[in-house]
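Structural features, examined
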4 protein chains.
Amino acid sequence: MNALQTPFGGFVAVSKRLTGRFAAVRDASLALAAPLTEEDCCAQSMADASPVKWHLAHTTWFFETFVLEKYEPDFRPFHPAYRVLFNSYYNGVGEKHPRPQRGMLTRPPLALVREYRSDVDQRIGKTIENHGHEPEFRGLMDLGINHEQQHQELILTDLKNLLSLNPLAPVYRAAAAQAAQSGSPLSWVGFERGMVLIGARDDQFCFDNELPRHEQYLGAYALGSRLVTNGEFLEFIEAGGYRDAGLWLSEGWNWVQNNGIVHPIYWSREGDDWREFTLAGMRALDPRVPVSHVSYFEADAYARWAGARLPTEAEWEHAAVGYPIEGNFLDDGRNHPAAAAAGEGLAQLFGDLWEWTSSSYSPYTGYRAPEGAIGEYNGKFMVNQYVLRGGSCVTPRGHIRASYRNFFPTAARWQFTGIRLARDS
Amino acid sequence: MNALQTPFGGFVAVSKRLTGRFAAVRDASLALAAPLTEEDCCAQSMADASPVKWHLAHTTWFFETFVLEKYEPDFRPFHPAYRVLFNSYYNGVGEKHPRPQRGMLTRPPLALVREYRSDVDQRIGKTIENHGHEPEFRGLMDLGINHEQQHQELILTDLKNLLSLNPLAPVYRAAAAQAAQSGSPLSWVGFERGMVLIGARDDQFCFDNELPRHEQYLGAYALGSRLVTNGEFLEFIEAGGYRDAGLWLSEGWNWVQNNGIVHPIYWSREGDDWREFTLAGMRALDPRVPVSHVSYFEADAYARWAGARLPTEAEWEHAAVGYPIEGNFLDDGRNHPAAAAAGEGLAQLFGDLWEWTSSSYSPYTGYRAPEGAIGEYNGKFMVNQYVLRGGSCVTPRGHIRASYRNFFPTAARWQFTGIRLARDS
Amino acid sequence: MNALQTPFGGFVAVSKRLTGRFAAVRDASLALAAPLTEEDCCAQSMADASPVKWHLAHTTWFFETFVLEKYEPDFRPFHPAYRVLFNSYYNGVGEKHPRPQRGMLTRPPLALVREYRSDVDQRIGKTIENHGHEPEFRGLMDLGINHEQQHQELILTDLKNLLSLNPLAPVYRAAAAQAAQSGSPLSWVGFERGMVLIGARDDQFCFDNELPRHEQYLGAYALGSRLVTNGEFLEFIEAGGYRDAGLWLSEGWNWVQNNGIVHPIYWSREGDDWREFTLAGMRALDPRVPVSHVSYFEADAYARWAGARLPTEAEWEHAAVGYPIEGNFLDDGRNHPAAAAAGEGLAQLFGDLWEWTSSSYSPYTGYRAPEGAIGEYNGKFMVNQYVLRGGSCVTPRGHIRASYRNFFPTAARWQFTGIRLARDS
Amino acid sequence: MNALQTPFGGFVAVSKRLTGRFAAVRDASLALAAPLTEEDCCAQSMADASPVKWHLAHTTWFFETFVLEKYEPDFRPFHPAYRVLFNSYYNGVGEKHPRPQRGMLTRPPLALVREYRSDVDQRIGKTIENHGHEPEFRGLMDLGINHEQQHQELILTDLKNLLSLNPLAPVYRAAAAQAAQSGSPLSWVGFERGMVLIGARDDQFCFDNELPRHEQYLGAYALGSRLVTNGEFLEFIEAGGYRDAGLWLSEGWNWVQNNGIVHPIYWSREGDDWREFTLAGMRALDPRVPVSHVSYFEADAYARWAGARLPTEAEWEHAAVGYPIEGNFLDDGRNHPAAAAAGEGLAQLFGDLWEWTSSSYSPYTGYRAPEGAIGEYNGKFMVNQYVLRGGSCVTPRGHIRASYRNFFPTAARWQFTGIRLARDS
């Protein structure tokens, strides 16, 4: 997901401890940048990714623009130019700095962006004192907090792409290799056909694209018990999967041919050994760990080769809704998916990797965009993208839920994306 | 639709008069080329479009490859190289000539392609004598006949694009301008919520993407009584529709900006007057006639501006299934949409223009691709394309039905595509 | 050379038989098209090349625009739209049809272009009667005749590129393979240092880029006695020439890498055997025949590999000026270079292949462009192109001379270009 | 000039104070970076430009690779990976990091690059003690010093491009606006025709492309007494110069049209006022100051509009050789061209701006590339580039001479390039 693409929450989670939650999420963003130099925070690896510094500033801009400007008496922006520099796509707010040139913003320096954060944090603190009991204000704050969580995830996603381009293979944060574990075999978990309810419930925060909750009819189906592993994906490669046109969607095959794709983006080969670039540096490929950073095309081709298919987003949500939100998240500091533990039922639903579904991202029946600039672009991305579910190892734990809809174009690979198989039953 | 993309029919229409039907469809293709020179038939306007000569050869190749090669004793191809030259995308059949270079095929000359057609027609005639009673053979023949009908439509679609690039604005076939008529006002026709059956019935020919017939739940909705007109679309233009980012999907806005799009592709302006290039040459824009050759992005933006939305394909099919298949088709020789007649209910459902739906083209639950080369690519196009329904003024009358699914990418404009509005109710 | 780029001649060749010369050159153009179908004449293989029909019309447009419009009383164009359609780049004359879309001009049909030619021929005939004695008129006619000769060469050059893209490898005109001959060894012919005169003399027709005749100082040098052969170029390939960065100009190396160049454009390999596409169809590569259709980059890299260099244009002209203009030309109907005969001195200077020089195409000191539209673009191409000398096997015999300057960009390969070596001595 | 493109000097300047000269040039590079943050030093604005940090490292790599590796006993590189990371194009030395990805090198951090510099400086110091008397060693050191000076110039050139992309218009170093001065009128300084000597003399350091010194014949000509000013160039713009195809080379006109060029790259307009981005920030355009950052195409079109032409490089050198090397250089700290002072003869020959010549960059007759990796690419850039002469306001004073040949492609604008007019006389 482009975190900037789903800003609005239709429902408001009431919290007594807004001040604390706000401070915690703001601190967490800075903590992510702690191991990084100014240079690491400034560079942009491609148009789809943004510099860490930009993420730190943009999330601040969001609070300044959508909260302070509305609630602060005698509002004055920290710096007038930041209105343009750190706007992402909100045309209703005015001009935007061109996305592919975010890496050119060597000024303001990181230190000044930190000041910008402090200043806004302080002013938000005062504003909470005056308006912290108002539902609409709290709704906006919840939105800002969730928005910042989305960008925490993007900070690591975009950073990984940047570091991967450096022949020195820099380590963002060292992490212990996973303890030896045999890996669990893939089994299938079935679901009956029938009418199901899809979409967010009305007692928690959600984004507007999860609404309205609505009925949908599902045929009988089964889901793979865990994510597809590196070892399984290697079999696909060794069986010639990337060279067999019959396994690919037509557009996917063109993509493979035109870009010379022969393995997942962060894999490389040295002699007979496969390696994988991670946020803990270059590592030997662990066959038990889920295959990550695959495009929709690769996920779809693998599923076809395996005699299966990808789940629809409704199938996924219906299956996931009864499971607790547990898993390998950003908070665990691993920043990499982990092998599934043995066990019954569906493993790895939450955390580890976003799971591609076969569902094109489109509005639920009856969807209504909110009014104003905040709602301006809510549905703007509902075309030519596919829905992903479940969060990843760089998603903050409190951010995800079963109804959460992430979305990316079919060729995107720099996200923490993985494969769960499905089949009719 | 890329006619080459939905080759297989799951059900067989039994016909006593196969020989006659085959001859009729083959003659109809040649009749389309009758007003054209060798040069008109050879040129290719862009990678998405093919030369008329190529269509005439490829449809012949289809019968030769999928019928004669299987049923003819001592089969020998008319010319071994044609196997490559006139293959469209069937990897299972072997090599393909690159699509963007079809206009380079000045050889074989048109006369030789006509010989190729005659030769295959004759051999198919004999084969019908021997196998015309066999259901499987009849199924393949029905598929070939429907495939050729799809290409008849593409012959005119592609030709229109080619002729539009010639400053001489050549006339393909003169047509009387439509008799004066006042145009009917737009009204809304409502449908109740509930479970509906979607997909082809089992008593007629269909393509495999229309199967399986399955249940789907629909909320209450209403459809516009007719297609959006040129006059209505002009209001959108004059209201600044092409310059208002708020009306467009994000990807659509990029498309508008990057390509400098300010009106439908075949429109042009001379002073205060709008003109439209048609297969009958350049004409003054008729405000009562449906707006044609709009992309998905333009259709979606117009609908948003009009306070409405595009229908889903299930909404469209459920609404259309009770209507007779009547309208302005290829057989009428007008080759251009016509103003809607006054009347009750939904007008222009069939013929006139393919209607964009908001549904991404994807497999129906339980979809299975047929075996072998014919089925090889059936589902290959089910990504990043959107479904269109109802046929157009260049669709052969007998080719269309309520369950028929056409599909194109969101930026495609050279097709005969139009806009029907929908809304929740 | 782009034939359209050097239209004006500063000096006028006086001829008693202008009518006959005009008729002969006009007939010769039609004769080149005689073996071709309407389809062959209409297609355009790439933006750099033009359809045969376009050449036939453009040369006619040239006489109509620069001769008839000036000399014909009550001048009216054959068709007003042709003024735009068949203009090449003369901004002074008005609008131009976009070059890459010349292949879209299926109308006017070839038959109408022939009528256009007849009509203009007739009117030019009458105009000669009235003005044939006037020097300025004769100068314009000489220019038109030479312009048409340039396009005769381009007709075959462009056609070869088109036919080469057809997997059927069509034969334009069958030609007997060259009689067995042993091939002559390469020797060196030396020239003293000193001041030389470069540029056209004032007693014959020339283009303005050959003027003014001027002094230039040359160091001592030697030229290879004949063109580099296919056999010699094969040695370069087999020695890894296309893979050795050290042999290439930096921009040339990028060109090789980015385009995956591994052999001359019309060569192909079948097993161990090399073949070459020619206007007489596909043939086994003859090692004694000069290597043709090489870019400046390939010529320069070969020369470096061979321990030599390319000649400057002044070196070439000084060496060639004493030789008779004999060689393998268009008039010989071979349409392919031939092996050099054994002999003394420099062989193959004229005809066979245009010879790359190391001289960037720039104005001679004191160069002045003529007035008006004819002169408008005379110097317009004097940047980023390199000079070629001597004509080729598709140049009309009477068209070439020692001072003649042709020019192409460094990556161009579709021309009949070859390599003559030089070295300091 | 790509500083990396002319590494070798054929002649050795003997200096007693090598240690001092080395230290001075190394310090000067660091001084240029002093006003910059780590972020400023890391970003890359386009493929043609490099980050400041990269320049600091590459110049160090040059001394390490071409001096220490040869002369240091028990040589070990500072870091093995730097061999690849900071190689520019020397294929003979091994792999290179892709040029467009230099901005991705957030590691090594600037601090480590400074350590790299210190380490190599120290080791070079020791090596001077042992080999400072050897001519070949001194030649390599001179080469390294001149190479570093070239990169000092590029540091500011590339930085200016980067800062210009920041809407904050950052100031690199404040500079007093030039004192009021009336500006000198343009006059012409003439030169007789005759044989002249071109190329470097043998008693000072030079690059190999300035050799061999050789005779050349020049016709009579005159040069403009000073550079073309902003005010004069504004007249060209206001006269429609950017919209008049007749003024442009054909390739230049395409460049103008395709890129929408309407003024020099760092100019902008605010209402009726023109502004210019400089290294001292955004400023009002001073009409007396030389127009800078123009492409060859713009320089050539302006000259044609002014009824003049650009000088050849031989004309420029012959005119300049008698003038002292005085002017507005990097050492003056202005970092911007200055208005010409009134006076006789030719002003602004050295410093201020590199002056485009009409000469394509090619080897002098008898040119020989040196052996080995250093010479590997000396002539590699002698195609499709044009020669510039005289140095600019960011060239170190001691670096320039009359025979110095800089070179850039015809569309380059980010260099400090200007226009001196010439004409035949």
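Quantities reported herein were computed from a predicted structural model and do not represent experimental measurements. (Residues numbered from 1 in each chain as written. Chains lettered and ligands numbered in written order. Predicted model: local features only at pLDDT ≥ 70, side-chain atom pairs only at ≥ 80, totals over all residues. Heavy atoms only, no water.)

Comments concerning the sheet that holds strand S12 (residues 406–408) of chain D
Residues and elements named next belong to chain D. Here we have 4 strands laid out as an open sheet, ordered S12-S11-S10-S13, and mixed in their pairing. Whereas interior strands pair on both sides, the edge strands pair on one side only; in this sheet they are S12 and strand S13 (417–418). When strand S10 (residues 354–360) meets strand S11 (residues 386–389), the two strands line up antiparallel, connected through 3 bridges. Within S11, the position partnered with Glu355 by the bridge is Arg389. (Pairing = 2+ DSSP bridges. Helix = DSSP H or I, 4+ residues; strand = E, 2+ residues; numbered from the N terminus.)

Concerning the pattern of salt bridges
One pass over the full model with this rule turns up 100 salt bridges over all chains. A salt bridge links Glu315 of chain B to Arg309 of chain B, with the nearest nitrogen and oxygen atoms 3.0 Å apart. By relative accessible area, which is 4% here, Glu315 of chain B ends up buried. Salt bridges linked by common partners bring Arg26, Arg117, Asp121 and Glu148 of chain A together as one network. (Salt bridge = Lys/Arg side-chain N within 4 Å of Asp/Glu carboxyl O. Buried < 20%, exposed > 50% of the residue type's maximum accessible area, 1.4 Å probe, protein only.)

A closer look at the interface of chain A and chain B
The partner chain B presents 26 residues to the 26 residues of chain A that form the contact. Looking only at chain A, the three residues that lose the most surface to chain B are Lys380, Val383 and Asn384 of chain A, adding up to 26% of its buried area. Remark: the boundary between chain A and chain B carries 2 salt bridges. A salt bridge links Arg368 of chain A to Asp424 of chain B; the shortest N-O distance between them is 3.8 Å. Taken together, the connections running from chain A to chain B amount to 16 residue pairs in polar contact (both at pLDDT 80 or more). Tallied by class, the residues present in the side of chain A that touches chain B amount to 13 nonpolar, 8 polar and 5 charged. (Contact = heavy atoms within 4.5 Å. Buried area = accessible area lost by both parts, 1.4 Å probe. Polar contact = N/O pair within 3.5 Å; in protein donor to acceptor, adjacent residues only side chain to side chain. Nonpolar A, V, L, I, M, F, W, Y, C, P; charged D, E, K, R; others polar.)

So, the packing of helix H5 (residues 110–131) of chain A against helix H6 (residues 135–164) of chain A
In helix packing, the relevant descriptors are the interaxial angle and the interaxial distance, both defined with respect to the helix axes. Residues and elements named next belong to chain A. Relative to each other, H5 and H6 sit at 150°, their axes nearing to 11 Å. Judged by the inter-axis angle, H5 sits roughly antiparallel to H6. In the crossing of H5 with H6, the sense of the turn from one axis to the other is left-handed. Each of Arg117, Ile124, Thr127, Ile128 and His131 in H5 lies in contact with H6, whose residues at this interface are Phe137, Met141 and Glu148. (Axes fitted to C-alpha atoms, helices over the stretch in contact; angles between N-to-C directions. Parallel < 35°, antiparallel > 145°, perpendicular 65-115°, else oblique. Left-handed = near helix turned anticlockwise from the far one by under 90°.)

Re the packing of aromatic side chains
Each pair of aromatic rings is reported with the distance of its centres and the angle of its planes. Summed over the entire model, instances satisfying the criterion amount to 128 aromatic pairs over all chains. Plain terms: the ring middles of Tyr242 of chain D and Trp248 of chain D are 5.6 Å apart, the flat faces sit at 35° to each other, and that makes the pair tilted. Each member of the pair, Tyr242 of chain D as well as Trp248 of chain D, is classed as buried. Here the basic side chain of Arg405 of chain B rests over the ring of Tyr364 of chain B, its NZ or CZ set 4.0 Å away from the ring centre. Lying across the ring of Trp188 of chain B, Arg423 of chain B places its NZ or CZ 4.1 Å from the centre. (Phe/Tyr/Trp six-rings, centres within 6.5 Å; stacked < 30°, edge-to-face > 60°. Lys NZ or Arg CZ within 6 Å of the ring centre and 35° of its normal.)

Some points on the interface of chain A and chain D
Interface size is commonly expressed as the accessible area that is lost once the parts come together. With 31 residues of chain A at the contact, the number on the chain D side is 31 residues. Roughly 2,400 Å² is buried in total at the junction of chain A and chain D, and carbon and sulfur atoms are behind 59% of that figure. When the buried area of chain A at its contact with chain D is split by residue, Glu39, Met104 and Arg107 of chain A rank highest and sum to 33% of it. Remark: the boundary between chain A and chain D carries 4 salt bridges. Across the salt bridge formed by Asp40 of chain A and Arg107 of chain D, the nearest N and O atoms sit 2.9 Å from each other. Connecting chain A to chain D are 10 residue pairs in polar contact (both at pLDDT 80 or more). No other element matches the 4 residues that helix H2 (residues 38–42) of chain A contributes to the side of chain A that touches chain D.

A look at the pairing of strand S11 (residues 386–389) of chain C
Residue and element names in this part refer to chain C. With burial as the criterion, each face of S11 is covered, one bearing Tyr386 and Leu388 and the other bearing Val387 and Arg389. By the bridge criterion, 3 bridges tie S11 to strand S12 (residues 406–408) in an arrangement that is antiparallel. Considered in S12, the bridge of Val387 is made with Phe407.

Overview of the relation of the copies chain A and chain B
Between the two copies of the chain lies a relationship made up of a rotation around an axis and a movement along it. Mapping chain A onto chain B calls for a screw motion: a turn of 180° about the axis and a shift of 0.0 Å along it, with 0.0 Å RMSD after fitting. Taken together, the turn and the small shift mark the pair as related by a two-fold rotation axis. Using C-alpha coordinates, one finds that chain A approaches the rotation axis most closely at Asn384 of chain A, a distance of 2.5 Å. Same-surface contact between copies: 100% of interface residues of chain A are shared with the interface of chain B. (Least-squares fit on C-alpha atoms with pLDDT ≥ 70 in both.)

Points about the relation of the copies chain A and chain D
For the match of chain A to chain D, the screw axis carries a shift of 0.0 Å, the RMSD comes to 0.0 Å, and the turn is 180°. A share of 100% of interface residues in chain A that are also interface residues in chain D marks the association as one of identical surfaces.

Some remarks on helix H8 (residues 250–259) of chain A
Residue and element names in this part refer to chain A. When H8 is considered as a whole, its buried residues turn out to be Ser250, Gly252, Trp253, Trp255 and Val256. Packing partners of the buried residues in H8 comprise helix H9 (296–305). Two residues or fewer past H8, Gly260 is found with a positive phi of approximately 60°.

A look at the sheet that holds strand S13 (residues 386–389) of chain B
Residue and element names in this part refer to chain B. On the basis of which strands lie adjacent, the open sheet formed by 4 strands has the order S14-S13-S12-S15 and mixed pairing. Pairing within the sheet leaves two strands with one partner each, and these edge strands are strand S14 (406–408) and strand S15 (417–418). Relative to S15, strand S12 (residues 354–360) is paired through 2 bridges, and the arrangement is parallel. Residue pairing across strands places Trp354 opposite Thr417, the latter belonging to S15. The sheet contacts of helix H10 (residues 313–320) involve S12 and S13, and relative to S13 the element is tilted by about 15°.

Structural notes on the confidence of the model for chain A
All names here are of chain A. Of all residues in chain A, 92% have pLDDT values of 70 or greater, and the mean over the chain is 92. Segment residues 1–15: pLDDT under 50, and 67 contacts once partners within four positions in sequence are set aside and those in other chains are kept. Taken together, the chains of this predicted complex give a pTM of 0.93 and an interface ipTM of 0.91. (pLDDT = per-residue confidence, 0-100.)

Things to note about unusual backbone geometry
A cis amide bond links Arg107 of chain B with the next residue in sequence, Pro108 of chain B, at an omega value of -5°. Within the secondary structure, Pro108 of chain B is located in the loop between helix H4 (82–85) and helix H5 (110–131). Despite not being glycine, His293 of chain A has its phi angle at roughly 60°, a positive value. When you line up the elements, His293 of chain A lands in the loop between strand S9 (281–284) and H9. Given the relative accessible area of 1%, His293 of chain A is considered buried.

Let's talk about the arrangement of the chains
Regarding chain A and chain C, which are not in contact, the minimum distance between any of their C-alpha atoms is 13 Å. In this structure chain B stays clear of chain D, and the shortest span between their C-alpha atoms is 13 Å.

Examining the side chain of Glu72 of chain B
Residues and elements named next belong to chain B. You can see Glu72 is positioned in the loop between helix H3 (52–71) and H4. Within the structure, Glu72 has its side chain in polar contact with the side chain of Arg123 (distance 2.8 Å). Every residue in contact with Glu72, bar those within four places of it in the chain, is listed here: Val67 and Arg123.

Focus on helix H9 (residues 296–305) of chain C
Residue and element names in this part refer to chain C. Of all 10 residues that make up H9, 8 are buried, and the element is covered over most of its length. For H9, the set of buried residues is Tyr296, Phe297, Glu298, Ala299, Asp300, Ala301, Tyr302 and Ala303. Where H9 is buried, its residues touch helix H7 (230–238), helix H8 (250–259), strand S10 (354–360) and S11. Positive phi appears at Gly307, one or two residues downstream of H9, with a value of about 75°.

Topic: the state of the cysteines
Going through the model one piece at a time under the given rule, you end up with 0 disulfides over all chains. Of all cysteine sulfurs in the structure, the one in Cys42 of chain B sits closest to Cys42 of chain C, which takes part in no disulfide; the separation is 6.9 Å. Under the relative-accessibility criterion, Cys42 of chain C is labelled buried at 3%. (Disulfide = S-S within 2.5 Å.)

Observations concerning the packing of helix H1 (residues 18–33) of chain B against helix H6 (residues 135–164) of chain B
All names here are of chain B. Remark: H1 packs on H6, axes separated minimally by 10 Å, with the N-to-C direction vectors making an angle of 20°. One element, H1, and the other, H6, form an angle in the roughly parallel class. Our pair here, H1 against H6, has a crossing hand that is left-handed. Contact with H1, carried on its side by Leu18, Arg21, Phe22, Val25, Arg26, Ala28, Ser29 and Leu32, involves Phe137, Arg138, Met141, Asp142, Ile145, Glu148, Gln149, Gln152, Ile155 and Leu156 of H6 and no other residues of that element. By residue class, the composition of the contact of H1 with H6 is 10 nonpolar, 3 polar and 5 charged.

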